[in-house]
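Coordinate inspection notes
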Amino acid sequence: MCNHSGSRLEDGALHGMAHAAWSRRQFVKGLALAGAGVAVGVGGTSVYASAPNALLRALAGNESDRILVLIQLSGGNDGLNTVIPFSNDLYHQARPQLRITESQVVPVTADLGLHPSLAPFEALLGDGKMNIIQNVGYASPELSHFMSTDVWLSGKDANALENTGWSGRFLEGVYPDYHEVGADGPVGLQIGGSTPLLFQGTHSNLGVTFPNLSLLDRLTSTGTLYDEDDVPDTPFGAEASFVRRVSNDSFVYAASIKDAHVEGSNMVSYPGSGLGRDLATVARLIRGNLGSKIYHVTMGGFDTHANQLGTHSTLLRWLGDAVNAFVADLGSDGLLDRVCGVTFSEFGRRIAQNGSSGTDHGTSAPMFVFGGHMTGEILGSAPDLGTVDDTGNMVAETDFRSVYGGVLRDWLGMQQGEVDALFDGAYPAMSMFDSSVATNVAGHGTGGRDALPGSFRVTSVYPNPMQSHARVALELDAAGPVRISLVDMLGRTVAALAGPMVLQTGSHRIPVQRPGNVAQGAYILRVEYAGRSTAVPITVR
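In this text the structure is predicted, and so the values were computed from the model without any measurement. (Residues numbered from 1 in each chain as written. Predicted model: local features only at pLDDT ≥ 70, side-chain atom pairs only at ≥ 80, totals over all residues. Heavy atoms only, no water.)

**Brief notes about the overall build of the chain**
To keep things clear, this is the line we draw: The secondary structure listing takes helices from DSSP runs of H or I that are at least 4 residues long and strands from runs of E that are at least 2 residues long, numbered from the N terminus. Exposed residues in this analysis have more than 50% of their type's maximum accessible area, buried residues have under 20%, and partly exposed residues fall in between, with area computed by a 1.4 Å probe over protein chains only. Residue contacts follow a heavy-atom distance rule, with two residues in contact if any of their heavy atoms lie within 4.5 Å. We get accessible surface area from the Shrake-Rupley algorithm with a probe of 1.4 Å; when it comes to residues, only the shown protein chains can shield them.
On a plain count of helices and strands, the chain comes out with 14 helices and 20 strands. Across the 541 residues in the chain, those meeting the buried criterion constitute 57%. Partitioning the intrachain contacts of the chain with sequence separation of at least 6 by distance along the chain shows that 74% fall at a separation of at least 24. For the chain, the exposed surface amounts to about 20,700 Å²; the carbon and sulfur share of it is 50%.

**Points about the packing of helix H5 (residues 119–126) against helix H12 (residues 308–331)**
We count it as follows: Only the stretch in contact is used when a helix axis is fitted, and all axes are lines through C-alpha atoms; the angle between N-to-C directions ranges over 0 to 180 degrees. Orientation is classified from the angle alone, with under 35 degrees giving roughly parallel, over 145 giving roughly antiparallel, 65 to 115 giving roughly perpendicular, and any other angle giving oblique. Gly counts as polar in this scheme, as do all residues outside two lists: the nonpolar Ala, Val, Leu, Ile, Met, Phe, Trp, Tyr, Cys and Pro, and the charged Asp, Glu, Lys and Arg.
Contact geometry for H5 and H12: axes closest at 8 Å, N-to-C directions at 40°. The orientation of H5 with respect to H12, classified from their angle, is oblique. Residue-level inspection shows Pro120, Phe121 and Leu124 of H5 in contact with H12, the latter providing Leu319, Gly320, Asp321, Val323, Asn324 and Val327. Its residues assigned to classes, the contact of H5 with H12 comprises six nonpolar, two polar and one charged.

**Some thoughts on the nonpolar core**
How we decide: Definition used in this section: a nonpolar core is a set of buried Ala, Val, Leu, Ile, Met, Phe, Trp, Tyr and Cys residues joined via side-chain atoms within 4.5 Å.
Within the largest apolar cluster, 48 residues are counted, with the highest numbers of intra-cluster contacts made by Ile71, Leu279, Leu319, Val323 and Phe326. Excluding anything up to four places from it in sequence, Leu279 contacts Val69, Ile71, Tyr270, Val297, Ala322, Val323 and Phe326. Ranked by size, the runner-up nonpolar core spans 39 residues in total, among them Met374, Val407, Trp411 and Phe423.

**Here's the deal with the sheet that holds strand E17 (residues 493–503)**
Selection rule: In short, DSSP must find at least two bridges between two strands for them to pair.
Across the sheet, four strands lie side by side as E17-E16-E19-E20; this open sheet has antiparallel pairing. Edge positions in the open sheet fall to E17 and strand E20 (532–540), since each of these has one partner strand only. Direction aside, the axes of adjacent strands within the sheet are offset by 15° on average. Note: strand E16 (residues 480–487) against strand E19 (residues 521–529), six bridges, orientation antiparallel. Counterpart to Ile484 in the pairing with E19 is Val527.

**What about helix H11 (residues 274–287)?**
Applied cut-off: Here, expected helix span is obtained from the residue count minus one, scaled by 1.5 Å.
Here H11 contains 14 residues, and its C-alpha end-to-end distance of 20 Å stays within 8% of the 20 Å for a straight helix at 1.5 Å per residue. Burial analysis of H11 places eleven of its 14 residues in the buried class, the great majority of the element. Three or more residues of H11 are buried, namely Leu275, Gly276, Asp278, Leu279, Ala280, Thr281, Val282, Ala283, Leu285, Ile286 and Arg287. Asn289 sits one or two residues past H11 and shows a positive phi near 60°.

**Things to note about the side chain of Asn77**
Here Asn77 lies in the loop between strand E2 (67–73) and strand E3 (83–84). Judged by relative accessible area, which is 3%, Asn77 ranks as buried. Those residues in contact with Asn77 that sit more than four places away from it in its chain are Thr82, Phe302, His312, Leu316, Ser345, Phe347, Gly348, Arg349 and Ala365.

**Describing the sheet that holds strand E5 (residues 113–114)**
Strand order across the open sheet formed by three strands is E3-E5-E4, with antiparallel pairing between neighbours. The two strands at the open ends of the sheet, each matched to only one other strand, are E3 and strand E4 (106–107). Here E3 pairs with E5 via two bridges, running antiparallel. Each bridged residue has a counterpart across the sheet, and for Ile84 the counterpart in E5 is Gly113.

**Concerning the environment of Ser507**
Mapped onto the elements of the fold, Ser507 is located in strand E18 (residues 506–513). With residues up to four places along the chain from it excluded, the contact list for Ser507 reads Leu474 and Glu475.

**A short note on the pattern of salt bridges**
So the rule is basically this: The term salt bridge refers to a pairing of a side-chain nitrogen on Lys or Arg with a carboxyl oxygen on Asp or Glu at a separation within 4 Å.
For the structure on display, the rule yields eleven salt bridges. A salt bridge links Arg401 to Asp157; its shortest N-O distance comes to 3.0 Å. Taken together, the positions of Arg401 in helix H13 (residues 400–411) and Asp157 in the loop between helix H6 (145–154) and helix H7 (166–174) put the pair 244 residues apart, joining distant regions of the chain. One salt bridge connects Glu528 with Arg483, and the closest N-O pair in it is separated by 4.0 Å. Of this pair, Glu528 sits in strand E19 while Arg483 sits in strand E16, and the two are 45 residues apart along the sequence. Overall, the relative accessible area of 38% leaves Arg483 in the partly exposed class. Taken together, the salt bridges that share partners define one network made up of Lys156, Glu162 and Asp424.

Don't take any of this as a statement about function, it's just geometry.
Right, here's the structure in full:
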């Protein structure tokens, strides 16, 4: 039977405060243990708000208002029918009924196409507002929803899981005394799903959970979460009234969320799907200057074991239309320049279709990263359907922590060493942003960035996959030293390919050769320039 359970922290977080048998003493104790965050309500769509941290306050210049939006595709999205290798015969042979043909796809390269329901993403990619990262997963993958979701939310390997989330450790690590600092509003907001593990720190859960959007609507219209008087005239009702009153009193962000919702607005119409409504709410709160730095929304239904074609098509249409509306909304008045969005799913699906016209749990899948400062690239190689693991599943080329690491380093301003410590390993942080978003390599502390001469951009690496040689094309806006090296997926330098050498302002094409002792596989091409670095996934064949 398929395991549909979510994070191990959900039951206590979501159901504890709603349990009518709690005593006053137990309830107040629960609030104390929760610190600055309180979980309220019962299942359904959730909103999670976390406390502010020094890093996000300290970021210099326009970085102080940068926002991260995470979209979780819960259930395991079928990556092969999302970004489709339509020219690969192995794909068509494995999926005689489920395949998307060349005439159906929205082509983005000579060999790859988007599912037709994701047609809006073609324009976002072409306009430099989206990157596609192929074949993302992790080593020794888990095929349980429960376990793999915890891996993605915690940022830890399956054999080293703990009850903390990568975002919770991030917030807690850079601002350990947040309990003693006042807050004008929440830094993080979760809408949809019930995954407080994401914001769970080592000492407490750094957030507040709303069970559904109707509760959020009630808060923004009345300023309170619950009607304290709408209870039965019984001892049970008196207890429930007490629980509601303490919940209302303890939710310190009510006024700021209500004010932001009133002040904010949407500039475009959104689709009526759940994700559309969630992203419309996020955009409205952003425009209302809520001040949240991390938003997390969830879209379920991707566990397509049977009759996949129609269901998956509908889900991807909801995703494509909602993200497209969100980008258009925030782009209408320049707010998109403050936003980076990332999609993720706990795993992909198997290469071959099953006997129920669906697909079973697999491993890797693509991620979409979007916003106002993307490079408009397809990063990484399409999955190698001829090279599979012991279970017959695809082998991931890029670890998901490399994607998270690039966002944390380049978007939210963490030092590379801090990113490595956060994930218990040196996963090469992927560069996804245009040249206006500097890589945070120099400088000290969470907000410091030394003034570095000029900027640079790697415009292409060709051919990729590389057999004997490749050319690295880059642009410099000032002269400076350049070094190119080959790094494995654990962050270890395996070969120096070029430099150090001083290059002048302008465009350059640097030839590199594959060292004879480098085995086939997935690597990172690291390009360093004047104290900065960028990483490009590359396959050696």
